[in-house]
Amino acid sequence: MKFPYIYPDPESRRLRSALAADSGLDSSYILAGCGADELIDLIMRCVLDPGDKIVDCPPTFTMYEFDAAVNGALVLKVPRKQDFSLNVSHIIEVVKLEKPKCIFLTSPNNPDGSIINDEDILQILALPILVVLDEAYIEFAGLESRMSWVKKHENLIVLRTFSKRAGLAGLRVGYGAFPLSIIEYLWRAKQPYNVSVAAEVSACAALQNPSYLEKVKDALVNERERLYKLLLEVPYLKPYPSYSNFILCEVTSGRDAKQLKEELAQMGVMIRHYNNQEMKGYVRVSVGKPEHTDALMKCLKIMSQ
């Protein structure tokens, strides 16, 4: 890494040029950030005034609600259906009645790994609202990103990250595709040195090795399918099909989800449990290497006895 003692390029031009080549979208539509989290907050700071409203569709990524509170916005919650799909008709009603400024959608969704189809996205884009589509896990879905859509939809922003696709979560580097009519205002408000030299160098290195990224992604997707089939055999778990790098499971048969998480932790296996009311009966399992799957299944088998 050359010249670490010099401040980063405030426009992240090398990275944005590499992202343009990777996405097929001109760099003028692309803005890089200190993780997609920074861009979520930046969007809210540029779009919202205190007291404005956003639409959130829980269960989903909790940073939308957190950043809304930080920016003095009100959160209108439109819960997902039992299968975690969007309740589009309710979203339409809320937008017409409450007139919120923006809606945050995640596809694949965190924590369940479901995707939003084109029909639902287009219905929401037809509403008078800014749509922020978070594609943090899109690489694992086997689907094309909707980044190019920002050229024809003036009310669409698409967010991406290197945290998952390249395993660079600790370096905090994300990016977004924005309509030109919106991105000019974000350029004015963003911190000048928001992407570090180390983050930019690492992200560019990842983009220069697409075959490696594809190989790792394919291995993870294959292991995800193997893990899903094995979890189906566990009598007290109901796994949900996932397009992400994790699998959500409902804990059934009278077992307690929090206790399950704690017992696994005592055996050296960590999974995710949720404290909020809507997800308290669920756990989320990250997809790892085959040996990680084997270790988990061994522990679950012991707990089944």
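In case you missed it, the structure is sitting above this.
Residues numbered from 1 in each chain as written. Predicted model: local features only at pLDDT ≥ 70, side-chain atom pairs only at ≥ 80, totals over all residues. Heavy atoms only, no water.

## Some points on the state of the cysteines
Here is step 1: One pass over the structure, following the stated rule, counts 0 disulfides.
Here is step 2: Distance from the sulfur of Cys 46, which forms no disulfide, to the nearest cysteine sulfur (Cys 102) is 11 Å.
Here is step 3: With a relative accessible area of 31%, Cys 46 lands in the partly exposed category.
Here is step 4: In this structure Cys 299 is not part of a disulfide, and its nearest cysteine sulfur, from Cys 249, lies 15 Å away. (Disulfide = S-S within 2.5 Å. Buried < 20%, exposed > 50% of the residue type's maximum accessible area, 1.4 Å probe, protein only.)

## Observations regarding the sheet that holds strand β9 (residues 246-251)
Here is step 1: The antiparallel open sheet is built from 4 strands, whose spatial order is β8-β9-β11-β10. The strands lining the two open edges of the sheet, one partner per strand, are β8 (237-239) and β10 (272-273).
Here is step 2: Of the strand pairs in this sheet, β9 and strand β11 (residues 282-286) are connected by 5 bridges, and their pairing is antiparallel. The residue bridging Phe 246 from the neighbouring strand is Ser 286, located in β11.
Here is step 3: Of the strands in this sheet, β8, β9 and β11 are in contact with helix α9 (residues 210-232), which crosses β9 at around 10°. (Pairing = 2+ DSSP bridges. Helix = DSSP H or I, 4+ residues; strand = E, 2+ residues; numbered from the N terminus. Contact = heavy atoms within 4.5 Å. Axes fitted to C-alpha atoms, helices over the stretch in contact; angles between N-to-C directions.)

## So, the packing of aromatic side chains
Here is step 1: For the structure shown, the criterion picks out 8 aromatic pairs.
Here is step 2: Ring plane angle 25° and centroid distance 5.1 Å describe the contact between Tyr 64 and Phe 104, whose orientation is recorded as stacked. Taken together, the positions of Tyr 64 in helix α3 (residues 63-70) and Phe 104 in strand β4 (residues 102-106) put the pair 40 residues apart, joining distant regions of the chain. Side by side, Tyr 64 and Phe 104 carry an identical accessibility label, which is buried.
Here is step 3: Put simply, the rings of Phe 61, Tyr 64 and Phe 104 pair up and form one aromatic cluster.
Here is step 4: Over the face of the ring belonging to Trp 149 we find Arg 146, whose NZ or CZ atom lies 5.3 Å from the ring centre.
Here is step 5: Looking at Lys 152, its charged tip hangs above the ring of Trp 149, at a distance of 5.5 Å from the centre. (Phe/Tyr/Trp six-rings, centres within 6.5 Å; stacked < 30°, edge-to-face > 60°. Lys NZ or Arg CZ within 6 Å of the ring centre and 35° of its normal.)

## What about the nonpolar core?
Here is step 1: Counting 42 residues, the largest nonpolar core has Leu 15, Ile 91, Ile 103, Leu 105, Ile 124 and Phe 162 as the members making the most contacts within it.
Here is step 2: Apart from the residues within four sequence positions on either side, Phe 162 is in contact with Leu 15, Leu 19, Gly 167, Leu 168, Val 173, Tyr 175, Ala 203 and Leu 207.
Here is step 3: If you look at the next biggest cluster of nonpolar residues, it comprises 27 residues, including Ala 136, Ile 247, Cys 249 and Met 297. (Core = buried A, V, L, I, M, F, W, Y, C linked by side-chain atoms within 4.5 Å.)

## Some words on the packing of α9 against helix α11 (residues 290-304)
Packed helices, taken two at a time, are described by their axes: the angle between them and the distance between them.
Here is step 1: At a closest axis distance of 10 Å, the pairing of α9 and α11 adopts a crossing angle of 10°. The angle between α9 and α11 places the two elements in the roughly parallel class. Where α9 abuts α11, its residues Glu 223, Arg 226, Leu 227, Leu 230 and Leu 231 lie against Pro 290, Thr 293, Asp 294, Leu 296, Met 297 and Leu 300.
Here is step 2: Across the contact of α9 with α11, the residue classes break down as 7 nonpolar, 1 polar and 3 charged. (Parallel < 35°, antiparallel > 145°, perpendicular 65-115°, else oblique. Nonpolar A, V, L, I, M, F, W, Y, C, P; charged D, E, K, R; others polar.)

## Description of the sheet that holds strand β5 (residues 130-134)
Here is step 1: Taken in spatial order, the 7 strands line up as β1-β7-β6-β5-β4-β2-β3 in an open sheet, and their pairing is mixed. Every interior strand has two partners, whereas the edge strands, β1 (30-33) and β3 (74-77), have only one. On average, each strand axis in the sheet is inclined to that of its neighbour by 25°, with strand direction left out of account.
Here is step 2: Relative to β5, β4 is paired through 5 bridges, and the arrangement is parallel. Of the residues in β5, the one forming a bridge with Ile 103 is Val 131.
Here is step 3: Set on the sheet, helix α7 (residues 180-189) makes contact with β1, β5 and β6 (156-161); between it and β1 the angle comes to about 35°.

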